[in-house]
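Here is what each chain is made of, one letter per residue.
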Amino acid sequence: MDRAQKEKVVEELGQIFESSGVVVVAQYAGLTVAEMQVLRARMRDAGGAVRVAKNKLAKIALEGKPCASISDLLTGMTVLAYSEDPVAAAKVVQDFTKENQKLVVLGGAMGASALDPAGVKAVAAMPSREELIAQVVSCIGAPASNIAGAIGAPASNIAGILSTLEEREAA
């Protein structure tokens, strides 16, 4: 790589570190190309990406960024998994490590907060943005359906009582 290419990579990595909601650092020693492609595809489906970069360039790109704390994790064969959604990348990496023990999570960063492997696991256990939105919408909609049911119930109760009274008088 010549100097211009290195500067371009550092700039791209800098943008990744600034715009990502979460960055997960893992070692990928022993992964085959096919396994790495599976990881990339899953991450792409979740709205994230996987990037392999030279550790030295990544450390340069981390200088002055909120997630600069992960620079200590960049040793050996490391891969960066990132997404704008603060949960997506962690979920995909955790799910992938369950199937493939060759990928070892070293830690990560969520904004300025450094994460150890247990922290990444905890983030992965959190509901995603879409799940949270669905939960909020269902909480908002539940009282309305309860009110509609409560309003409709007395009318059906009255109708039931009236039909019972009619049956008694007819008998």
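Up top is the structure.
Thresholds, definitions, all that
Residues numbered from 1 in each chain as written. Predicted model: local features only at pLDDT ≥ 70, side-chain atom pairs only at ≥ 80, totals over all residues. Heavy atoms only, no water. Axes fitted to C-alpha atoms, helices over the stretch in contact; angles between N-to-C directions. Helix = DSSP H or I, 4+ residues; strand = E, 2+ residues; numbered from the N terminus. Left-handed = near helix turned anticlockwise from the far one by under 90°. Contact = heavy atoms within 4.5 Å. Buried < 20%, exposed > 50% of the residue type's maximum accessible area, 1.4 Å probe, protein only. Arc of directions from axis to C-beta. Core = buried A, V, L, I, M, F, W, Y, C linked by side-chain atoms within 4.5 Å. Pairing = 2+ DSSP bridges.

With that settled, the discussion passes to the packing of helix α2 (residues 33-45) against helix α4 (residues 88-99). At a closest axis distance of 10 Å, the pairing of α2 and α4 adopts a crossing angle of 150°. Our pair here, α2 against α4, has a crossing hand that is right-handed. Across the interface between the two elements, Glu35, Val38, Leu39, Arg42 and Met43 of α2 pack against Ala89, Val92, Val93, Phe96 and Glu99 of α4.

A separate point is the environment of Ser128. Here Ser128 is to be found in the loop between α5 (117-125) and α6 (129-170). With 43 residues separating them in the primary sequence, Ser128 and Asp85 have C-alpha atoms 7.6 Å apart. Discounting chain neighbours no more than four positions away, the residues touching Ser128 are Asp85, Val87 and Lys91.

Looking only at α5, the buried set comprises Gly119, Val120, Val123 and Ala124. Viewed along the axis of α5, the buried residues span an arc of 140°, placing them on a single side of the element. Along α5, exposed side chains directed more than 90 degrees from the buried face belong to Lys121 and Ala125. Looking at the buried residues of α5, the elements they touch are β1 (22-27), α4, β4 (104-110) and β5 (113-115).

What follows concerns the nonpolar core. Ranked by size, the top nonpolar core spans 22 residues in total, and within it Val24, Met36, Leu39, Met43, Val79, Val93 and Leu103 carry the most contacts. Elements that contribute at least two residues to this core include exactly β1, α2, β3 (78-83), α4 and α5. Once residues within four sequence positions are removed from consideration, Leu103 is found in contact with Ala26, Gln27, Tyr28, Leu31, Leu39, Val79, Val93, Phe96 and Thr97. If you look at the next biggest cluster of nonpolar residues, it comprises 18 residues, including Ala53, Ala61, Leu80 and Ala109.

It is worth spelling out the pairing of β1 at this point. Among the six residues in β1, five count as buried, and that is most of the element. Both β1 and β3 contribute to a ladder of six bridges, which runs antiparallel. Directly across from Val25, in β3, lies its bridge partner Leu80. Across five bridges, β1 lies against β4 in antiparallel orientation.

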